[in-house]
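Analysis of the macromolecular model
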Amino acid sequence: MCRLLLSSFLLVLWSCDRPQEWYAPPPQRQPIRNPHPYNVTYLVDFGSPEADAHILRDIHKYDGSAWRWTDQHPAVRVKIRTIESRKYVIDYTVPDITFKDTGPVTISFYVNDHLLGSERSDKPGMRHFEKPVPPGWLILDDTNTLGAGIDKMWVARGDGKLFGFIISRIGLTQ
Amino acid sequence: MLTPILILFGASFTILVAVALGGMVLARTGVRLYRPEAIALRFVIGAACLSLLVFLTLALHAAYAWVFLLLGAAILALAALLGVHRNWGDRFPPLPLWQKALFGVPFAVFTVLYFFSAMAPEMSPDGAAYHLALVSRYLRQHGFAHIVTNIYASLSQGVEMLFTFAFAFGRHSAAALIHYAFLLALALLMLSYGRRIGRPLAGIAGALLTYLSPIVGIVASSAYVDAAVAATAFSLFYLLELRSEQKEARLLASIGILAGFGYAVKYTAVVALPYALGVLAWRERKWKPLLMVAACALVLIVPWMAKDWVIVQNPVSPFFNQLFPNPYVHVSFEHEYRQYLRTYNLANLWTIPLELTIRGQALTGLLGPIFLLAPVALLALRSSEGRRLLAAALVFLVPYPANIGARFLIPALPFVSLAMAMAFEAWRPLVAVLILADAVSSWPSVQKRWSPYAWTLGRIPFRQALRLESQDHWFGRRYPDYAIAQLIEQKVPPGAHVLAMNGVPEAYTRRDVVVSYQSAYGELMGDMFQTGFVRGDQPVRTLEFRFAPRVLRRLRAVQTAQVSGDEQWSITEFRVYSGSAELPRAPEWRLRARPNAWDVQLAFDNSPVTRWRTWQTAAPGMFVEVDLGAPRTVDRVELEGSAGQWHTRVRLDGMDETGHWITLSAKPDPLAPDPPPGMRQTAIREMKSRGIDYLLLRDGDWGASDVAGDPEAWDLVVEGRANHATLYRIASESGK
């Protein structure tokens, strides 16, 4: 039995190829002619320090975190290459700490000052909102303003500063 | 109504066949068993045998439902012919009513929870991501698929073989029920052990401590394998005890089968074999029993090693890749994987006891607060049974430091539970109070109050188990990742490949998903993708070696620095110059490298998004070499590479016409060129040419925002979105 097992195992090992040592040169890749330039960032991810360049108002500066506090009417500016089939997207959080004081809040979403929609948060937590944007609201190859607004601000107990909500991503996707 | 019937048929047919096989094995041993012992041991030993038979069926590419039906029917018929069903052993002396109630009530209540949870649609992370995904794939292909892009396919899959048998009839939930059957067998055996040694209360309490543990409950109700490991380990312990008690019983083959099945179920249970051999050597001091046990164990171990050797050139893949170098798993991956499993990113390992017993989040599971009392198990050292239990616990704890997740304690838990119960059994009211408190605190709705983030079961899913609420509807409410699998299923044509940066529930799609961290190929694709948008990974650092013109046959770039940490050495392009002109890569050139010879062409393909990498910490002696085919005059070599190779040092050697190696330069000039334009498109085209057709990015994935910001710049087209993830198709002109 043992002998049979051992010889089968050795047979399996012997039947395996040793890895090849020398290789021929592969087919040569050619550079892309007229590559699409990476146009602009039109989805602003607040985990990146570069996101600060897109902030128009009411969003706190980069502090190493992907979650940024907003004031009442946060907004960013983005450029887009095409205006068709664009969706407004935003990832935001209504934190426990603010919700305890403010209770349910309503957040409204804007594209170039057009009201796209609003969402009521009856409990704290992370939220995602996305909705198609009518092409007529967008400006091709120029600055577009994407914003949001919260109806109730939270007052910090220690210093009395005002805070809106936490934003982690906002922009336009297809 | 058909689905629940098929689920129950798939599970019960598999269990029956296993019990029949185990019955045939045990019938030849002459061992005297009580009825519950016979049922449990027949199932576990038979499961090992059935697992091997299914392995052979898959190896022969004969995995069809009708083959399993015939095979099962033949086994049942043979068992009936041999009269295996007639002798189920004697009954234990009856337990007092209060002990029956003490065991029966919590056991029955939790059995309802576990049974219906197992029968409900399967949505456990690993069950849906790979245990059942692989099973489903094997059944689609009627045999073992040649999978080199998923490390989980290389792990031993002894229980997945049973899942395959059950899945063929009852699909996902039938498989989960098979796993739950192992927990039932384990509880039965633990209870029986106490009764056999004349300490029934210890058996009752010990069995319940394990059975009611939240992590045991959720794992056993899912298509995982850890409860099967525990049942196998305890069955092995049981047989060794029986062997010691009934010298005349011919149990060595069964002991060997279980010792080997441990490895077949999970690598970490490889300790079952040295444990069995050690116990036998200690007690019997003879060679023959050891050889018999080892030989039988190898019958169950060798097939898995051979499969891995044939498919991924490493018999213990995905581990020991430095010992068995292969193109399928990178050493760096293994290193990071091991590192993570040893700590789970816990800042302080002294918090492990609290994490395991009270918190339950960091180590992905909860044993339950009762196990804060585990040190009292040491009191069991006073009896010989206690010492043997604790010795077994110690053996099955040996692999734990390699993976400190809560699940990895399950194999040792039965031994610890019984030893704890032995320590308490003298105080009967205390035992009753502890069991009651354990049962109440482990009930999901109560447990969520004191440990809200632990991975545990929810309410009893009666309606979902009976499919009164459809799977799609239930998943729509409770399992958002299912929508990702469905998106892939709907949008990706058969035969196309999806690259995902993180796992998806592959058990619910028939499409091929390559998860970037699960294989060398996946990591290579992920590396190319990242090179598209991370400047530091692009060729922004060139080492220029200039020297007096020489006639050379070969050139070799050699690493000379011993780098610490995870810093790797990489070469995007290895360019050879004569005068001002680069020597074209001629067909007669030959290339090699160490390590990762199979990737050397990436440094000679003129692509700025591919690179040869060491995929392990850079070390002296690593090299990339080119044979020019004939003596050529050379005066310059440029090694284009990425940033971040701060501590690597490279020397350029050349072989002259006489075959002598000389050092051409050990001090290259560093240059900092700009990468070529269109890196994103170039990366995607390269990925397409290497077999990737779609890209799945969750919103939080590295690079997801870059792609979502301007998919056209990547040659990507949005195909759809589900649960915060976007599926992109690589535009058809890419890669051509």
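Residues numbered from 1 in each chain as written. Chains lettered and ligands numbered in written order. Predicted model: local features only at pLDDT ≥ 70, side-chain atom pairs only at ≥ 80, totals over all residues. Heavy atoms only, no water.

Moving on, we come to the pairing of strand 14 (residues 716-722) of chain B. Sheet topology note: the strand 14 of chain B/strand 15 (residues 725-730) of chain B ladder contains 6 bridges and is antiparallel. If you follow Gly720 of chain B over to strand 15 of chain B, its bridge partner there is Leu727 of chain B. (Pairing = 2+ DSSP bridges. Helix = DSSP H or I, 4+ residues; strand = E, 2+ residues; numbered from the N terminus.)

The next thing to look at is the interface of chain B and chain A. Across the boundary between the two partners, chain B contributes 51 residues, which contact 38 residues of chain A. Counting each side, the surface lost to burial between chain B and chain A is near 3,800 Å², with a carbon and sulfur contribution of 60%. Taken as a group, Trp309, Ser705 and Glu712 of chain B account for 13% of the area that chain B buries against chain A, more than any other trio of residues on that side. Linking chain B to chain A there are 6 salt bridges. (Contact = heavy atoms within 4.5 Å. Buried area = accessible area lost by both parts, 1.4 Å probe. Salt bridge = Lys/Arg side-chain N within 4 Å of Asp/Glu carboxyl O.)

Residues and elements named next belong to chain B. With respect to burial, strand 5 (residues 573-578) is a largely interior element, 5 of its 6 residues being buried. Pairing of strand 5 with strand 9 (residues 623-641) involves 5 bridges; the strand directions are antiparallel. Paired with Tyr577 across the two strands is Arg636, which belongs to strand 9. Two elements, strand 5 and strand 6 (residues 581-582), share 2 bridges in a ladder whose sense is antiparallel. Opposite Ser578, over in strand 6, you have Ala581 as the bridge partner. (Buried < 20%, exposed > 50% of the residue type's maximum accessible area, 1.4 Å probe, protein only.)

On to the pattern of salt bridges, then. In this structure the tally under the stated criterion is 53 salt bridges over all chains. The shortest N-O distance in the salt bridge between Arg575 of chain B and Glu640 of chain B comes to 2.8 Å. Of this pair, Arg575 of chain B sits in strand 5 while Glu640 of chain B sits in strand 9; the two residues are 65 residues apart in sequence, bridging distant segments of the chain. Accessibility expressed as a relative area gives 11% for Arg575 of chain B, which makes it buried. In this structure Glu640 of chain B comes out as buried when scored by relative accessible area, which is 18%. The structure contains a network of salt bridges with shared partners spanning Glu21 of chain A together with Arg554, Arg556, Arg592, Arg594, Glu625 and Asp627 of chain B.

On the surface, a cluster of nonpolar side chains totalling about 440 Å² of accessible area is made up of Met1, Leu2, Ile5 and Leu6 of chain B. Assignment of secondary structure puts Ile5 of chain B in helix 1 (residues 2-27). (Patch = residues over 30% accessible without salt bridge, like charges linked within 9 Å, V, L, I, M, F, W, Y side chains within 5 Å. Areas by Shrake-Rupley, 256 points an atom, 1.4 Å probe, with all protein chains shown as cover.)

Residue and element names in this part refer to chain B. With the rule as written, the count across this model stands at 9 cavities of 30 Å³ or more. Taken as a whole, the largest cavity holds about 140 Å³ of empty space. Around the largest cavity, the lining is made up of 13 residues, and of these Ala133, Leu134, Arg137, Asn150 and Glu506 lie nearest the centre. Among the elements that make up the lining of the largest cavity, the one with the highest residue count is helix 5 (residues 125-141) (4 residues). A breakdown of the residues in the lining of the largest cavity according to their chemical character gives 4 nonpolar, 4 polar and 5 charged. (1 Å grid on protein atoms, 1.4 Å probe; cavity = no way out; pocket = protein on both sides within 12 Å on 5 of 7 lines; lining within 4 Å. Points joined across faces, edges and corners; volume = space filled by probe spheres on them. Nonpolar A, V, L, I, M, F, W, Y, C, P; charged D, E, K, R; others polar.)

All names here are of chain B. Looking at where Asp656 falls in the secondary structure, it is placed in strand 10 (residues 650-656). In this structure, Asp656 is buried with no salt-bridge partner, the nearest side chain bearing the opposite charge being Arg550 at 5.3 Å. If we ignore the near neighbours within four places in the chain, the residues touching Asp656 are Val551, Leu552 and Arg553. (Lys, Arg positive; Asp, Glu negative; His and termini not counted.)

Once that is clear, we can look at the packing of aromatic side chains. Residues and elements named next belong to chain B. Under the defined criterion, the tally for this structure stands at 56 aromatic pairs over all chains. Measuring from ring centre to ring centre gives 5.1 Å for Phe333 and Tyr337, while their planes differ by 20 degrees; the resulting arrangement is stacked. With Phe333 and Tyr337 both in helix 13 (residues 331-343) and 4 residues apart, this pair spans about one turn of that helix. Judged by relative accessible area, Phe333 falls into the buried class, the value being 8%. On the basis of relative accessibility, which here comes to 21%, the residue Tyr337 falls in the partly exposed class. Among the aromatic side chains, those forming a connected cluster through ring pairs are Phe103, Phe107, Phe110, Tyr114, Tyr180, Tyr211 and Trp443. Taking NZ or CZ as reference, Arg285 lies 5.4 Å from the ring centre of Trp282, over its face. Over the ring of Phe320 we find Arg338, and its NZ or CZ is 5.1 Å from the ring centre. (Phe/Tyr/Trp six-rings, centres within 6.5 Å; stacked < 30°, edge-to-face > 60°. Lys NZ or Arg CZ within 6 Å of the ring centre and 35° of its normal.)

What follows covers helix 21 (residues 481-491) of chain B. Those residues of helix 21 of chain B that fall on the buried side of the exposure criterion are Tyr482, Ile484, Ala485, Leu487, Ile488 and Glu489 of chain B. Of the surrounding secondary structure, the elements contacted by the buried residues of helix 21 of chain B are helix 20 (471-478), strand 1 (497-500), strand 2 (512-515), strand 13 (694-698), strand 14 and strand 15 of chain B.

All names here are of chain B. Strand order across the open sheet formed by 5 strands is 2-1-13-15-14, with mixed pairing between neighbours. Looking at the sheet topology across the chains shown, the edges are occupied by strand 2 and strand 14. Looking at each pair of strands side by side, their axes are set apart by 25 degrees on average, direction ignored. As judged from the 4 bridges shared by strand 1 and strand 2, these two strands associate in the parallel manner. Within the sheet, the bridge partner assigned to His497 lies in strand 2 and is Asp512. (Axes fitted to C-alpha atoms, helices over the stretch in contact; angles between N-to-C directions.)

Residue and element names in this part refer to chain B. Looking at where Phe237 falls in the secondary structure, it is placed in helix 9 (residues 226-245). For Phe237, a relative accessible area of 0% gives the class buried. With 38 residues separating them in the primary sequence, Phe237 and Tyr275 have C-alpha atoms 9.0 Å apart. Those residues in contact with Phe237 that lie beyond four places of it in its chain are Tyr193, Tyr275, Arg388, Leu389, Ala392 and Phe415.

On the secondary structure map, Asp45 of chain A appears in strand 1 (residues 43-45). Taking relative accessible area as the criterion, Asp45 of chain A reaches 26% and is therefore assigned partly exposed. The residues touching Asp45 of chain A, leaving out its near neighbours within four places in the chain, are Ala51, Ser168 and Arg169 of chain A together with Ser705 of chain B. A polar contact is formed between the side chain of Asp45 of chain A and the side chain of Ser705 of chain B, at a distance of 2.8 Å. (Polar contact = N/O pair within 3.5 Å; in protein donor to acceptor, adjacent residues only side chain to side chain.)

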